[in-house]
Amino acid sequence: MFVYADNAATTSVSKTALEAMLPYLTEDYGNPSSLYAFGQRSAEALARAREDVAACLNADPKEIYFTSGGSEADNQAIISAARNGAKKGKKHLISTKFEHHAVLHTLKRLEKEGFEVTLVDVHEDGVVRVEDIEAAIRPDTALVTVMFANNEIGTVQPITEIGALCREKKIPFHTDAVQAAGHMPIDVKAMNIDMLSISGHKFHAPKGVGALYARKGVLISNLIDGGAQERGKRAGTENVAGIVAMAAALKESVAHMEENTAKIIPMRDKLFAELSKIPHSKINGSLEHHVPGTVNMCFEGIEGESLLLMLDDQGICASSGSACTSGSLDPSHVLLAIGLPHEVAHGSLRLSIGEYNTMEQIDHIIKVVPQVVEYLRNMSPVWDELQKGERPHLI
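Conventions we followed
Residues numbered from 1 in each chain as written. Predicted model: local features only at pLDDT ≥ 70, side-chain atom pairs only at ≥ 80, totals over all residues. Heavy atoms only, no water. Pairing = 2+ DSSP bridges. Helix = DSSP H or I, 4+ residues; strand = E, 2+ residues; numbered from the N terminus. Axes fitted to C-alpha atoms, helices over the stretch in contact; angles between N-to-C directions. Contact = heavy atoms within 4.5 Å. Parallel < 35°, antiparallel > 145°, perpendicular 65-115°, else oblique. Left-handed = near helix turned anticlockwise from the far one by under 90°. Nonpolar A, V, L, I, M, F, W, Y, C, P; charged D, E, K, R; others polar.

A. Spotlight on the sheet that holds strand 4 (residues 116-120). Ordered by their spatial adjacency, seven strands build an open sheet running 2-8-7-6-5-3-4, and the pairing between neighbours is mixed. Each having just a single partner strand, strand 2 (64-67) and strand 4 make up the two edges of the open sheet. Each strand of the sheet is rotated relative to its neighbour by a mean of 20°, with strand direction disregarded. Judged from the three bridges that link them, strand 3 (residues 92-96) and strand 5 (residues 141-145) form a sheet pairing that is parallel. The residue bridging Ile94 from the neighbouring strand is Val144, located in strand 5. Its contacts with the sheet put helix 3 (residues 37-57) on strand 2, strand 7 (195-199) and strand 8 (210-214), and the angle it makes with strand 2 is roughly 115°.

B. Main features of the sheet that holds strand 10 (residues 294-299). Pairing in this open sheet of three strands is antiparallel, and the strands run 9-10-12 from one edge to the other. Every other strand in the sheet has two partners, leaving strand 9 (281-283) and strand 12 (348-352) as the edge strands with one partner each. For this sheet, the mean inter-axis angle between neighbouring strands, taken without regard to orientation, is 25°. One ladder, built from five bridges, connects strand 10 with strand 12; its direction is antiparallel.

C. Focus on the packing of helix 10 (residues 257-275) against helix 14 (residues 359-379). Here helix 10 crosses helix 14 at 15°, and the two axes come no closer than 10 Å. In this view, helix 10 runs roughly parallel relative to helix 14, as classed from their interaxial angle. For the pair helix 10 and helix 14, the crossing hand works out as right-handed. For the pair helix 10 and helix 14, the contacting residues are Pro266, Met267, Lys270, Leu271, Glu274 and Leu275 in the first and Met359, Ile362, Asp363, Ile365, Ile366, Val369 and Pro370 in the second. Of the residues that constitute the contact of helix 10 with helix 14, the class distribution is 10 nonpolar, no polar and three charged.

Have a look at this one:
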């Protein structure tokens, strides 16, 4: 049996998204910047897509800028806020220790340019505390950026409360909502969000297309110069087909969010319940504040890479963390941030399921994972030492 359980890494393109994009690859392929009617049909499609994406976020269409994905949107939001702050003598930026690397690496780059960065601790439950954000705020703080939902452990942050704090302090607030969009309700007005990033391939649109929401009044800096596309804020001919597909996929995901969630949560909870029966295993992150489909666990005495390869042999696609760092042998920075020791963090498994998964597939995972964990432990000198009492169990 083949089981795709890595939807946090990417999703399949839905039939709805594919059908929406095909005409703009084959028939209405005009450049939306062209003045003739053929090109203007593409421009009209862009306008409709912008309206649809905005409606899903409770934003104004003029507040939506199309990008190549979540990483570009994160970069543009953070760099824009930093530049805006620097003009006023504010060069302090606040984030958390378990953000996506698109955020962390951008902040590190800005540190080299003279900005100061405070990375707030994350608690063991994988949830940031509003009071910790408040304690980090200084008179020269130019931005607070906190992810909506963590891409590895699936914990959801108190975005509305952080947004309200930032609004009160008159500090721009950005959230990386790549793992939340299409899966959780988002209302940028009610949640006091100034900037927000999304990526289409996380909710059944193609790869290579995303969007940045920037509230009216927030000045956006250019990352790419050239043409006047995206109201002069993102040069380059728009990916019309991808944008149309993303809008269609997001609209469909939001429309069916309630029923999808009702299907996914029982499958997720069954995985947690059954896999946690494996001795010396640990669930990572709060289950109270959680996206519907992400399961992250650690199994002591094994290496995550070996686990993934053996699951692959059994037809199960999973990960040990973010797909963007899957080539790294280092333990997950997210798991280290919530206090797990290196030895435990190395044995992590992330299963991320969606509405296309079935309970039969979940049962297959539940059957295979314990067998693979047992096999790997039997081969592990570390597990042998743990069993003999030569080193203490950490789980």
